[in-house]
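Given next are the chains, with one letter for each unit.
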Amino acid sequence: SNELRSYAKAMLTMEPRRQQAFDEIKKIIGNGEVPKIVCNDKNSLGGLPGKARDIAVNYCQSYQKVVEENGLTIDRYNTITTQVQSNEDLKRQMYNLLLRLQKNP
């Protein structure tokens, strides 16, 4: 449960930054579709034009720092992500935790 709280806090911290990075990359790409960016997959970053790639790399580095500041390793964070996506009970638990944290950070 402490790990889920740390995970949720990292998510809440990074979501506005994710949206900002996405918007900046979208402006650079123009009408084209923004490709899926996966921080631990260098190939997903390689398909971006120069400035957009820089934004994505900075975002990914920032994400890693926030995850670690919340007491998790990137590997553990990614494991929790996979578990939340595949377990309905855990997904519901995470949703409720995110709502509570948004009301009382």
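Just above, that's the structure.
Keep in mind that this is a model prediction, so the values were computed, not measured.

Below, the discussion takes up the overall build of the chain. In terms of helices and strands, the chain carries 5 helices and 0 strands. Listing the helices and strands of the chain from first to last along the sequence gives α-α-α-α-α. Oriented by its inertia axes, the alpha-carbon framework of the chain measures out at about 40 × 25 × 25 Å. In the chain, buried positions account for 30% of the 105 residues. The long-range share in the chain, meaning contacts at least 24 apart out of those at least 6 apart in sequence, stands at 59%. Of the accessible surface of the chain, which amounts to about 7,200 Å², a share of 47% is contributed by carbon and sulfur atoms.

What follows covers the packing of helix α1 (residues 2–29) against helix α3 (residues 50–69). Two numbers describe how α1 lies on α3: the axes approach to 9 Å, and their chain directions differ by 175°. With respect to their mutual orientation, α1 and α3 come out roughly antiparallel. Mapping the contact onto sequence places Ala10, Met11, Thr13, Met14, Arg17, Arg18, Ala21, Glu24, Ile25 and Ile28 in α1 and Lys51, Ala52, Ile55, Ala56, Tyr59, Ser62, Tyr63, Val66 and Val67 in α3. When its residues are assigned to classes, the contact of α1 with α3 shows 13 nonpolar, 2 polar and 4 charged.

One can find Gln93 in helix α5 (residues 88–103). Distance from Gln93 to Leu4, taken between C-alpha atoms, is 8.8 Å for residues 89 residues apart in sequence.

In terms of nonpolar packing, the biggest core is built from 27 residues, with Ile25, Tyr77 and Met94 touching the most fellow members. For this core, the elements supplying multiple residues, two or more each, are α1, α3, α4 (74–86) and α5. Per-element accounting of this core gives the leading share, 8 residues, to α3.

This model, assessed by the stated rule, comprises 3 aromatic pairs. Counting every residue linked through ring pairs, the aromatic cluster contains Tyr7, Tyr59, Tyr63 and Tyr77.

Topologically, Ile74 is positioned in helix α4. For the pair Ile74 and Asn96, spaced 22 residues apart in the sequence, the C-alpha separation amounts to 23 Å. Apart from residues no more than four positions distant in its own chain, Ile74 is found in contact with Gln64 and Val67.

Under the defined criterion, the tally for this structure stands at 5 salt bridges. Residue Glu3 is joined to Arg76 by a salt bridge in which the shortest nitrogen-to-oxygen separation is 2.8 Å. Highlighted residues: Glu3 in helix α1 and Arg76 in helix α4, separated in sequence by 73 residues. Looking at Glu3, the relative accessible area reads 34%, which means it is partly exposed. Judged by its relative accessible area of 29%, Arg76 falls in the partly exposed class. Measuring nitrogen to oxygen at the nearest pair gives 2.7 Å for the salt bridge that ties Arg18 to Glu15. Placement of both Arg18 and Glu15 in helix α1 is noted, with a separation of 3 residues, approximately one turn of the helix. A residue is classified by how much of its surface remains accessible, and Glu15, at 30% relative accessible area, is partly exposed.

Calculation notes
- Residues numbered from 1 in each chain as written.
- Predicted model: local features only at pLDDT ≥ 70, side-chain atom pairs only at ≥ 80, totals over all residues.
- Heavy atoms only, no water.
- Helix = DSSP H or I, 4+ residues; strand = E, 2+ residues; numbered from the N terminus.
- Buried < 20%, exposed > 50% of the residue type's maximum accessible area, 1.4 Å probe, protein only.
- Contact = heavy atoms within 4.5 Å.
- Areas by Shrake-Rupley, 256 points an atom, 1.4 Å probe, with all protein chains shown as cover.
- Axes fitted to C-alpha atoms, helices over the stretch in contact; angles between N-to-C directions.
- Parallel < 35°, antiparallel > 145°, perpendicular 65-115°, else oblique.
- Nonpolar A, V, L, I, M, F, W, Y, C, P; charged D, E, K, R; others polar.
- Core = buried A, V, L, I, M, F, W, Y, C linked by side-chain atoms within 4.5 Å.
- Phe/Tyr/Trp six-rings, centres within 6.5 Å; stacked < 30°, edge-to-face > 60°.
- Salt bridge = Lys/Arg side-chain N within 4 Å of Asp/Glu carboxyl O.

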